[in-house]
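As a plain string of letters, each chain reads:
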Amino acid sequence: MAYISTGSEWTFELIQRYEHEIARIASDFKLDTYPNQIEIITAEQMLDAYATVGLPIGYHHWSYGKHFLSSERGYKRGQMGLAYEIVINSNPCIAYLMEENSMTMQALTIAHASYGHNSFFKGNYLFRTWTSADAIVDYLLFARNYITECEQRYGEQSVELLLDSCHALMNYGVDRYKRPKRLSLAQEQARQKERENYLQMQINDLWRTLPNHALHDDDEDDGLDPTESDEPPFPGEPQENLLYFFEKNAPKLAPWQREIVRIVRKLAQYFYPQRQTKVMNEGWATFWHYTILQQLYKEKLVNDAFMMEFLHAHTNVVYQPSFDSPYYSGLNPYALGFAMFQDIRRMCEAPTEEDRLWAPDIAGSDWVKTLDFAMRNFKDESFIQQFLSPKVIRDLKLFSVLDDDRDSRLRVTAIHNDSGYREIREMLAQQYNLSQLEPNIQVAHVDLHGDRSLTLRHVQSERKPLDDSFEEVLKHVARLWGFTVRLETVFEDGRSEMTHETKVEKRRRYALSA
Amino acid sequence: MSAIIDRRQNGKNKSAINQQRFIKRYRDQIRRAVAKAVGGRKITDIDGSGQVSIPVKDISEPLFHHGPGGRREMVHPGNREFVVGDNFERPPSGAGGGGSRASDSGEGEDDFVFNLSREEFLKFFFEDMALPDLAKRRLAQIPEFRKVRAGYSIDGTPSNLNVIRTMRSSLGRRIALTAPYRKQLRELEAEYADIVSREGDTSPRALALAHEITHLRTRVEAIPYIEKLDLRYSNRIMQPRPQAQAVMFCLMDVSGSMDQSRKDLAKRFFMLLYLFLRHNYERIDLVLIRHHTTAKEVNEDDFFYARESGGTVVSSALKLMNDIIADRYSPSDWNIYGAQVSDGDNWDGDSPICRDILMQSIMPAVQYFAYVEVASAEPQNLWNEYLSVKQQHPNFAMQRIMEAAEIYPVLHDLFKKKAA
């Protein structure tokens, strides 16, 4: 069979032919994907896409401008290469290819994004449960239009300040356990009015200031303030979804402001699965571009030059600098994920004694099925817990270091040997557990009848303090809540203490309502 | 089958609005950064787009995250010699084993650096600057008009007749009106030729055809070659051209006492002034004068790059300026500005003369005069004489500059836009 192409220039016809072959191979490997939409864009457009985290339609905000300016500079000075692709979890699955790429890179990108990521989006349980690929583009459109309308009606600045505050809490705007309702443009618009009225009613009820005299008349003699005694505490349970809590309960937000809080919350929720599956998702896509392009080579559809260029790019992607390298910035999710998926395939096809001992379920099984199972049913944390083998730990020479501020020196606690495998696997899994990575902060209490202040509770783990920027975040919290906000810290010995108080800033610049 | 779409022609710069919002939000920081950026530049680089950096802490987006401290255990790759229980010094934060920290906060401690386009850069740079008092004489002046082309009209003077346009519409009209006749004519002529060849030109049919052909020809010819309808005239309209008639005199001391660093300061000052004028005003005359013991009007190249030098007689430059005003720039028609840069080291006895020339003839003629003294430890004799000018003339300003970084603030101060 003849090579599909021999030069490095791409044409639409060539892209189509590569895409055709890649699709055939992907389906031989039983990859199940959404339909693909592949868009060719320029480097400049790629920078634009970068700035808005790849969303095809985004609302306007200065922070996206900031990201654009910084990546533009990095790119123009050659300090940073652009990602070859951006792919969007939507149906059809949109992938951007850069015009500047060579034919090889376009083929790599199609395999990586349109078949790797795409099948992950469609198959992984987190994406299945938490995102609606069919509706996201519509919803983004709704969000952009709504926010533009608000800017026209209430002024750019008040919308911008509100978005600043919402963005500061974006990571605390997700439901971890409850599936969100499906997003759709039509429904959102229809329900939005209804929601405004209903919500405002609810809030007025919550903040009813007249004490219920009839109920408390008899008790007045006992000298207690009737409003303080028998009302249940609010909220009844600590609330971890701060944005949701403010959307529903912040006393001073106007209906349109609640809607914007909701929009940011919905986006945070949409991105939440991505944040939990970085290693898996990138590893999966990298594994498949590698496997598919190897297959093209085996079938003699591509030549040696193609393969050399591909391997060069691939090696860069999965490069993992050592801990003592100046380029080290933590584990590279591409490297770790790729190594793990490759290793699972190895355990299936050529299991060793060690594999049979460590992973009896996997060793010797059908690799396509096992990989598919792994892709569908895990997130980074559980994936590592389940599939990280001693071989990968040895190959990457993983070791763990304890940094305790009570000790003057760092200590190595486990290395890649028999006694360390389990410990390292456990620890690495925890390293990808978002609830461990982010400080545990919840709404603990609202003083309904006094100063309406809100208390956030930070439960420390491993004595890790908040970064100093927490004071700035609390100003944003106070802006959303509208009254004083306090921070209570619960230390590891169970002792708790009010550690900070932020009053609502009176200066107009910080006030939410114009 | 996958869809492959070419989006390259779609709009780029989708995030232009976001960039503008960023710039708008941080305009104060950006302005400070722009001023600082120019202060440190080489003279030849002053004009140009700019790299600007503002501190990250000013523009960071705060998030709740863990700070340093506490107890944390991290897995790292690439172990070579460590065994369990080894311990070692805590590396300085951000490097080596502490690498997690940087990714935790998402941003390092470096400044946020980005590029402004040349236009944006200059806009920030010269924002809030203006030539003082420019409006005063403009109002008194008779507005100047300029004729500009404005398409074509259907009437006008014969001298403005546009032949090409007229012929074009004439031709169009004739083609349209004669088309049906000419078609008929062609058919008849063909038939006539046919008949003549078969029956001769005297047959009744041929005669009838000949008659009809003549008739049709007459009709075609009756359609006028040019009608009034076809006439097109080039249209010109008068466009008022508001014009600030202004001239700026730049007086630079190049005497021997002006060493390289002082000359550099002076040149920087004029370079910025020149940029500012060119950027903010469409038309302004520049008169460049350099002097040592004698003064000379020069062109841009000589002004900024000539090397000749000598002693100092400041009054020579002022005299020349005065002569040029009398000669070419009547104060009743022109807004006149002056800027003078010198180290203030003047020939003995000349400084009072300078003062007198300024007081008596220059100050009454100009809108504004700015004197900048560069890099002298003590105010020089010229400075002292000029103080008395300042007392009497509110439109006289003076400043001292010791180093490059002060130039922009001084320039900004001298030419600050006054509240209306």
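Just so you know, these numbers come straight off a predicted model, no measurement behind them.

Examining the overall build of chain A
Secondary structure assignment for chain A yields 22 helices and nine strands. Looking at chain A residue by residue over its 514 residues, the buried ones come to 56%. A sequence separation of at least 24 residues applies to 73% of the contacts in chain A between residues at least 6 apart. For chain A, the exposed surface amounts to about 22900 Å²; the carbon and sulfur share of it is 49%.

Brief notes about the overall build of chain B
Looking only at helices and strands, chain B features 14 helices and 13 strands. Relative to its full complement of 420 residues, chain B shows a buried share of 43%. Counted over contacts in chain B with a minimum sequence separation of 6, partners at least 24 positions apart contribute 80%. Just so you have it, chain B exposes about 22400 Å², and 52% of that area is on carbon and sulfur atoms.

Digging into the packing of aromatic side chains
Throughout the structure, instances matching the rule amount to 46 aromatic pairs over all chains. With a centroid separation of 5.5 Å and 45° between ring planes, the pair formed by Tyr139 of chain A and Phe142 of chain A is classed as tilted. With Tyr139 of chain A and Phe142 of chain A both in helix H6 (residues 136-154), this residue pair falls three residues apart, about one helical turn. Phe142 of chain A matches Tyr139 of chain A in its accessibility class, with the two residues each being buried. With 5.0 Å between their ring centres and 35° between their planes, Phe341 of chain A and Phe383 of chain A make a pair best called tilted. Of this pair, Phe341 of chain A sits in helix H15 (residues 333-349) while Phe383 of chain A sits in helix H18 (residues 380-387); the two residues are 42 residues apart in sequence, bridging distant segments of the chain. Exposure remark for Phe383 of chain A: the relative accessible area of 0% places this residue in the buried category. The structure contains a cluster of three or more aromatic residues connected by ring pairs, namely Phe29, Trp284, Phe287, Trp288, Phe341, Trp367, Phe373, Phe378, Phe383 and Phe387 of chain A. The ring of Trp367 of chain A has Arg345 of chain A sitting right over it, with the charged end atom 3.9 Å from the ring centre. Across the ring face of Trp383 of chain B, the terminal group of Arg400 of chain B is positioned such that the distance to the ring centre comes to 5.8 Å.

Remarks on the domain arrangement of chain B
Here chain B is described as being made up of domain 1 (158-235) and domain 2 (246-414). Relative to domain 2 of chain B, the C-alpha centre of domain 1 of chain B lies at a distance of 77 Å.

As for the confidence of the model for chain A
Residues of chain A with pLDDT of at least 70 account for 86%, and the chain-wide mean is 87. For the stretch residues 210-228 of chain A, pLDDT sits under 50, and the model shows four contacts to residues farther than four places along the chain or on other chains.

Description of the interface of chain A and chain B
At the interface, 93 residues of chain A touch 63 residues of chain B. Scanning the region where chain A abuts chain B turns up 13 salt bridges. Its salt-bridge partner being Asp404 of chain A, residue Arg71 of chain B comes within 4.0 Å of it at the nearest N-O pair. One can count 43 residue pairs in polar contact (both at pLDDT 80 or more) joining chain A with chain B. Of the residues forming the side of chain A that touches chain B, the biggest block, 10 residues, is contributed by helix H3 (residues 62-76) of chain A. Bridge count between strand E5 (residues 409-414) of chain A and strand E4 (residues 87-89) of chain B: three bridges; the pairing is antiparallel.

So, the UniProt feature "domain: SpoVR-like C-terminal" (unreviewed entry) in chain A
With numbering matched to this structure, UniProt assigns "domain: SpoVR-like C-terminal" (unreviewed entry) to residues 439-490 of chain A. For residues 439-490 of chain A, the end-to-end C-alpha separation is 12 Å, with 23% helix and 37% strand making up the annotated structure.

With respect to the sheet that holds strand E6 (residues 440-446) of chain A
For sheets, the rule is that strands pair by backbone hydrogen bonds, running either parallel or antiparallel. Residues and elements named next belong to chain A. The four strands lie next to each other as E6-E7-E8-E9, forming an open sheet whose pairing is mixed. Single-partner strands in this sheet number two, and they are E6 and strand E9 (496-502). Pairs of neighbouring strands in the sheet enclose a mean axial angle of 25°, with direction left out of account. The pairing of strand E7 (residues 454-459) with strand E8 (residues 485-490) spans six bridges and is parallel. Following the sheet pairing, His458 is matched in E8 by Thr489. Strands in contact with helix H11 (residues 242-249) are E6 and E7; relative to E6, the strand with the most contacts, it is inclined by about 25°.

Quick word on the nonpolar core
All names here are of chain A. With 76 residues, the main nonpolar core has Ile292, Leu336, Ile344, Phe383 and Leu428 as its most contacted residues. Of the residues forming this core, the biggest block, 10 residues, is contributed by helix H4 (residues 103-123). Inspection of this core shows a minimum of three residues originating in each of domain 1 (12-124 + 277-312) and domain 2 (322-436). Apart from residues no more than four positions distant in its own chain, Leu336 is found in contact with Val279, Leu331, Ile384, Leu388, Leu396, Leu428 and Tyr432. Counting 66 residues, the second-largest nonpolar core is a separate cluster that includes Ile57, Ile260, Val443 and Leu456.

About the cut-offs
- Residues numbered from 1 in each chain as written.
- Chains lettered and ligands numbered in written order.
- Predicted model: local features only at pLDDT ≥ 70, side-chain atom pairs only at ≥ 80, totals over all residues.
- Heavy atoms only, no water.
- Helix = DSSP H or I, 4+ residues; strand = E, 2+ residues; numbered from the N terminus.
- Buried < 20%, exposed > 50% of the residue type's maximum accessible area, 1.4 Å probe, protein only.
- Contact = heavy atoms within 4.5 Å.
- Areas by Shrake-Rupley, 256 points an atom, 1.4 Å probe, with all protein chains shown as cover.
- Phe/Tyr/Trp six-rings, centres within 6.5 Å; stacked < 30°, edge-to-face > 60°.
- Lys NZ or Arg CZ within 6 Å of the ring centre and 35° of its normal.
- Domains from an automatic or database assignment.
- pLDDT = per-residue confidence, 0-100.
- Salt bridge = Lys/Arg side-chain N within 4 Å of Asp/Glu carboxyl O.
- Polar contact = N/O pair within 3.5 Å; in protein donor to acceptor, adjacent residues only side chain to side chain.
- Pairing = 2+ DSSP bridges.
- UniProt positions renumbered as here; feature names shortened; annotations may be inferred.
- Axes fitted to C-alpha atoms, helices over the stretch in contact; angles between N-to-C directions.
- Core = buried A, V, L, I, M, F, W, Y, C linked by side-chain atoms within 4.5 Å.

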